[in-house]
Amino acid sequence: VSAGTNTTAIPAGGQAGFNSYGVFIRSGTTANGGYRYQTTSLVSDYFGTISHKFRFQFLFRPTFTGRTLRGGYLDTITTADATDGAYFEIVDGVCSAKTASSSVRMTDATTLALSIDVAYTFDIEVNAAADAARFRVYGGNSNTALLDVTIATNIPTTQARAFGAGVVAFAAATSSDIGILYSLGMGTVEGFQTRDI
């Protein structure tokens, strides 16, 4: 994202109990630089017909100030907000659930203030009818959701409103640590349930 770096050398304070591996993301020498991990195509998927599930795990360090992360189903590869998708947006440590269709966005009023050096799991489930997107956030190894909201509007359901999936993270300050991405994956809701994950 503009300029950024990543490394598999994880600082000791960023090693989560469930996973000691990941990629450490930093901004580069350009303001609003960072890193992204995404599917190759950002115009190949849309909601409807089958269910969708996306999950990623991330830990912010050493500060939230000036850091932004968007993760889930989305079609942006820069610092710009998504035109289409269903995704989490974390700005200065405050996590929101969002949907977007042709740049008309819905942000749920319920937010979650995250903590530094806590590994969070972010889940998004969109049902096959594409009339509900459920967003949940878990902290550490807990199975209790810290945030659990559902959005039923502005869910993109046509090929013209297609998107990809991934995580885009960046920082306003140059050469700054952002955090550690431990994992990300996507599939169907039923597929995740079958594997009990």
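Just above, that's the structure.
Throughout, residues of each chain are indexed from 1 in the direction in which the sequence is written. For a predicted model such as this one, the threshold for reporting local features is a pLDDT of at least 70, and the threshold for listing and counting side-chain atom pairs is 80 or more; totals across whole chains, interfaces and linings nevertheless cover every residue. Processing note: side-chain calculations cover all non-hydrogen atoms of the structure and skip hydrogens and water entirely.

Draft legend 1. Summary view of the overall build of the chain. Think of it this way: any DSSP run of H or I at least four residues long counts as a helix, any run of E at least two long counts as a strand, and we number them from the N terminus. Looking only at helices and strands, the chain has one helix and 14 strands in total. Radius of gyration: over C-alpha atoms. The globule rule applied is 2.2 Å multiplied by the number of residues raised to the 0.38 power. Since a compact globule built from 197 residues should have a radius of gyration of about 16 Å, the 16 Å found for the chain is in line with a globular shape. Here the C-alpha coordinates of the chain stretch approximately 45 × 35 × 30 Å along the principal axes. Taken across its 197 residues, the chain has 49% of its residues classed as buried. Total accessible area computed for the chain in this model is approximately 8500 Å², and 49% of it derives from carbon and sulfur atoms. Relative accessible area decides the class of each residue, using a 1.4 Å probe on protein chains only: under 20% of the type maximum gives buried, over 50% gives exposed, and in between gives partly exposed. Exposure was quantified through the Shrake-Rupley algorithm and a 1.4 Å probe, taking into account, for residues, occlusion by the shown protein chains and nothing else.

Draft legend 2. Seen up close, the pattern of salt bridges. When a carboxyl oxygen of Asp or Glu lies within 4 Å of a side-chain nitrogen of Lys or Arg, that pair is called a salt bridge. Evaluation of the coordinates by the stated rule reveals 13 salt bridges. Among the salt bridges present, the one from D123 reaches K53, with a minimum N-O distance of 3.3 Å. Linking D123 in strand β10 (residues 119-126) with K53 in strand β4 (residues 52-60), this pair joins segments that are 70 residues apart in sequence. Both residues of the pair, D123 and K53, belong to the buried class. The closest approach of N and O atoms between K53 and E125, which form a salt bridge, is 3.0 Å.

Draft legend 3. Focus on the pairing of strand β13 (residues 164-171). Burial runs high along β13: eight of the eight residues are buried. Of the two faces of β13, the one holding G164, G166, V168 and F170 and the one holding A165, V167, A169 and A171 are both buried throughout. Paired strands, in this sense, are two strands between which DSSP finds at least two bridges. The pairing of strand β3 (residues 33-38) with β13 spans six bridges and is antiparallel. Looking at β13, one finds that G33 is bridged to A171. Note: strand β5 (residues 67-74) against β13, eight bridges, orientation antiparallel. Following the sheet pairing, G71 is matched in β13 by V167.

Draft legend 4. Region of the structure containing the sheet that holds strand β12 (residues 145-151). Pairing is antiparallel in the open sheet, where seven strands are placed in the order β1-β2-β14-β4-β10-β11-β12. Since the sheet does not close on itself, it has two edges, and those belong to β1 (4-7) and β12, each with one partner. The average undirected angle you get between the axes of adjacent strands in this sheet is 20°. Summarising the sheet, β1 and strand β2 (residues 23-27) pair through four bridges and their orientation is antiparallel. Of the residues in β2, the one forming a bridge with T7 is F24. Only the stretch in contact is used when fitting a helix axis, every axis being a line fitted to C-alpha atoms; angles between N-to-C directions are given from 0 to 180 degrees.

Draft legend 5. Representation of the packing of aromatic side chains. Each Phe, Tyr or Trp ring (for Trp, its six-membered ring) is paired with any other whose centre lies within 6.5 Å, and the angle between the two planes then decides the class: stacked below 30 degrees, edge-to-face above 60, tilted in between. Per the stated rule, a full pass over the model turns up 13 aromatic pairs. Consider the rings of Y120 and F122, whose centres lie 6.2 Å apart with planes at 50°: the pair is tilted. As far as the burial class goes, Y120 and F122 line up, both buried. Ring pairs connect the aromatic residues F47, F54, F56, Y73, F88, Y120, F122, F135 and F163, which therefore count as one cluster.

Draft legend 6. Up close: the nonpolar core. Only buried residues count toward a nonpolar core. Its members are Ala, Val, Leu, Ile, Met, Phe, Trp, Tyr and Cys residues joined through side-chain atoms within 4.5 Å. F56, F58, F88, C95, L114, F122 and F135 are the most contacted members of the largest nonpolar core, which totals 36 residues. Beyond its immediate stretch of four places on either side in the chain, F135 contacts A86, Y87, F88, A97, K98, T99, D123, I124, L147, D148, V149 and I151. Membership of the second largest hydrophobic core comes to six residues, among which are I10, F24, L59 and A119. By the convention used here, residues are in contact when the closest approach between their heavy atoms is within 4.5 Å.

Draft legend 7. Region of the structure containing the environment of D45. With respect to the helices and strands, the residue D45 is situated in the loop between β3 and β4. Through-space distance from the C-alpha of D45 to that of T158 is 8.9 Å; in sequence the pair is 113 residues apart. Beyond its immediate stretch of four places on either side in the chain, D45 contacts H52, Y73, R161, A162 and F163. Polar contacts, as used here, are pairs of N or O atoms within 3.5 Å; protein pairs need one atom able to donate a hydrogen and one able to accept it. Residues neighboring in sequence count only if both atoms are side-chain atoms. Side chain to side chain, D45 and H52 meet in a polar contact 3.2 Å long.

Draft legend 8. Expanded view of unusual backbone geometry. Note that the residue after R61, namely P62, is joined by a cis bond; omega there is 0°. Within the secondary structure, P62 is located in the loop between β4 and β5. Even without being a glycine, S2 presents a positive backbone phi close to 65°. Within the secondary structure, S2 sits in the segment before β1.

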